[in-house]
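Summary of structural features
Listed here are the chains, written in short residue letters.
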Amino acid sequence: MAIAKVCGLETEYGIMVVGAENNPVAASGLLINAYMDRIGRSTGFDASEEHPEFDARQIHEPSVLHLDPDPDLDLLPVNTMLVNGSRYYVDHAHPELSTPEVRSAFEAVRWDRAGEEILRRSMDAARSMLPPGAEIIVHKNNSDGKGNSYGCHENYLIARDIPFGRVVSGVMAHFVSRQVMCGAGKVGCEQPGAAYDSVAFQISQRADFFEEEVGLETTVRRPIVNTRDEPHCDAERFRRLHVIAGDANMSETATFMKVATTAMVLAAIEDGAASAIPVLAHPVRAIRTISHDPSLRSTVELIDGTMVTALDLQWQIFEVADAWFREHGGDAVGPGVAELALTQWQSLLDGLGANREVVADRVDWVAKERLITAYAERHGLGPTAPRLRAIDLQYHDLRPGRCLADRVGLQRMTTDDDVAAAVHDPPESTRAYFRGRCLEKFADDVIAANWDSIVLDTGSDPLRRISMPEPLRGTADLVANVIDASSTAAELVQRLGS
Amino acid sequence: MAERTQRQRHDERDDDEVAPSPASGERTSLTSSDELDDLLDEIDEVLEHNAEEFVRSYVQKGGQ
């Protein structure tokens, strides 16, 4: 039976300083420190057990890959866990926020939004630390239009005993074609070797940057299926599927659908119910072909030689998910998720196949394309004109009043109050609850925190490390009473009996 | 002036398309086109003043 699809999102934000020196590493550090200063906290992240070089294909060759292309970039380590269970840090030359691990796509949307709000508050806090008139601008996008990309990654808990090859063949067609619902849209082309204006507008921000089908890399020769095997939990029982083939979304529906549909496909794979998912002959070519054709008419080849459109692929994957839900129920993906996601999936595919305008309130690339097309028409601008590129960029601008995504009528799934609460509160459904509550209540006694452990100073040697190898332990149901009843970290440790 | 003329033409065309599309249960195309026009009216005030320079200077380091 499929295991609970505990999941999370990690977003690297675009960053730019105007009116002062534009050093993205220093600006990212300043942004995060300004936020931590404002909320009056600082807690070290314990990275001693991080192993991004471990490969799910069991080819552990740490010397071969992932040397940082520019060692100077990591000189300013800023890395912290927040009271809502998130991790906020400088990655390469970007501020990155990883949401807490959550139990459902509904929560993923809410804590992803909370992440945006944290970046927004950080920009505000940073203003007082910059020269007058200078500001740090943050974009929730994935490319600068000049061939440089940075990611929005997803993570899903999957069972260790499922052969990784089966996971790869099950998810590939979805990662290639889900962009029709979840692409964030982009003016121009950044595919290596192609002219910028060879594509006027494309569906995905990221598709141009994928060069391999499967692999361990994340910064060069990016693979559609990433094999990083670093579960941040009990490695005997679990994997964390690290997904790098997605766009950062401004539309809440798009974030919801990206997470919910992927979680369902993974659950179907675990339940042995995914054999009908089509297999592509050339996934890398296909992800670009689909992205480069907003008319959605282009076809891509399956291994049996059949030519299909992206919508054909999505309908077939929808049928697999729908059949999985009818046979197995939707428990693995969280309460109410499968029901809503299947209804929305059908509605979006219907809309994309007919009158596309009806999905402009839910699909980022359609909303952006519609705005850009209308603006170009009104002002008589040619494809990829600078003002159209500015609209593209500013769709993702997180500054209040500047963000165009806020103005195009996207449907909401959260309220502002939900989001504001999630800036402070951890989700109740996973171990993130225990982490966040400890950071909030015993701030002075938390020496270090990471995804699967927390180190407390109980006032007597030695320091106590509390392990959290099981993502569904440490929930509000299991530990709220213990935390509420403890007034010090020492009491907490005593009550936990560790 | 040229923009204004173009805008009116745009509106007239929309007037001919008042009927909601069969695929839409939620909103009519007229409503959303009106909203789009309103946005186009105000977008130049929201857009970075020197769009060309802004786009040119927007350079990021590659990430993951």
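Here goes a summary of the coordinates provided. Just so you know, these numbers come straight off a predicted model, no measurement behind them.

Cut-offs applied
Residues numbered from 1 in each chain as written. Chains lettered and ligands numbered in written order. Predicted model: local features only at pLDDT ≥ 70, side-chain atom pairs only at ≥ 80, totals over all residues. Heavy atoms only, no water. Core = buried A, V, L, I, M, F, W, Y, C linked by side-chain atoms within 4.5 Å. Buried < 20%, exposed > 50% of the residue type's maximum accessible area, 1.4 Å probe, protein only. Helix = DSSP H or I, 4+ residues; strand = E, 2+ residues; numbered from the N terminus. Contact = heavy atoms within 4.5 Å. Axes fitted to C-alpha atoms, helices over the stretch in contact; angles between N-to-C directions. Parallel < 35°, antiparallel > 145°, perpendicular 65-115°, else oblique. Left-handed = near helix turned anticlockwise from the far one by under 90°. Nonpolar A, V, L, I, M, F, W, Y, C, P; charged D, E, K, R; others polar. Polar contact = N/O pair within 3.5 Å; in protein donor to acceptor, adjacent residues only side chain to side chain. Salt bridge = Lys/Arg side-chain N within 4 Å of Asp/Glu carboxyl O. Patch = residues over 30% accessible without salt bridge, like charges linked within 9 Å, V, L, I, M, F, W, Y side chains within 5 Å. Areas by Shrake-Rupley, 256 points an atom, 1.4 Å probe, with all protein chains shown as cover.

**Digging into the nonpolar core**
All names here are of chain A. Membership of the largest hydrophobic core comes to 138 residues, with the highest contact counts inside it found for Ile224 and Trp345. In terms of residue count, helix H5 (residues 252-270) provides more of this core than any other element does, eleven residues in total. If sequence neighbours within four positions are ignored, Trp345 has contacts with His174, Met181, Met257, Thr261, Met264, Gln314, Ile317, Phe318 and Ala321. Within the second largest apolar cluster, 21 residues are counted, among which are Phe442, Ala476, Leu492 and Val493.

**A look at the environment of A:Leu119**
Residue and element names in this part refer to chain A. Relative to the helices and strands, Leu119 resides in helix H2 (residues 105-127). Spatially, the C-alpha atoms of Leu119 and Tyr13 are 8.8 Å apart, while their sequence positions differ by 106 residues. Aside from chain neighbours lying at most four places away, what touches Leu119 is Tyr13, Leu31, Tyr88, Pro95, Leu97, Val138 and Leu398.

**Things to note about the packing of helix H9 (residues 364-379) of chain A against helix H10 (residues 386-395) of chain A**
All names here are of chain A. Put simply, H9 and H10 touch, their axes get as near as 10 Å, and they point 150° apart. When the axes of H9 and H10 are compared, the pair comes out roughly antiparallel. Handedness of the crossing formed by H9 with H10: right-handed. Here Asp364, Ala367, Lys368, Leu371, Ile372, Tyr375, Ala376 and His379 of H9 lie close against H10, whose contacting residues are Arg387, Leu388, Ile391, Asp392 and Tyr395. Taken together, the residues of the contact of H9 with H10 sort by class into eight nonpolar, one polar and four charged.

**Quick look at the side chain of A:Asp208**
All names here are of chain A. Within the secondary structure, Asp208 sits in the loop between strand E10 (201-202) and strand E11 (210-215). The exposure class of Asp208 is buried, given its relative accessible area of 0%. Side-chain polar atoms of Asp208 contact the side chain of His292, separated by 2.7 Å. Asp208 has contacts with Lys186, Cys189, Glu190, Gln191, Pro192, Gln202, Arg288 and His292, leaving out every residue within four places of it along the chain.

**A closer look at the pattern of salt bridges**
All names here are of chain A. Inspection of the entire model under this criterion finds 39 salt bridges over all chains. Among the ionic pairs, Glu190 bridges to Lys186, the shortest N-O distance being 2.7 Å. When its relative accessible area of 2% is taken as the criterion, Lys186 is described as buried. Overlapping salt bridges, with partners in common, bring together Asp112, Arg113, Glu116, Glu117, Arg120, Arg121, Lys140, Glu252, Arg412 and Asp416 in one network.

**With respect to a nonpolar patch on the surface**
A contiguous nonpolar surface patch, about 220 Å² in accessible area, is contributed by A:Phe106, A:Leu340 and A:Met413. Secondary-structure assignment places A:Met413 in the loop between H10 and helix H11 (416-424).

**Some points on the packing of H5(A) against helix H7 (residues 310-328) of chain A**
All names here are of chain A. In the contact formed by H5 and H7, the axes pass within 9 Å of each other and the chain directions differ by 65°. The handedness of the crossing between H5 and H7 comes out as left-handed. In this structure, H5 uses Met264, Val265, Ala267 and Ala268 to contact H7, whose residues at the interface are Ile317, Val320, Ala321 and Trp324.

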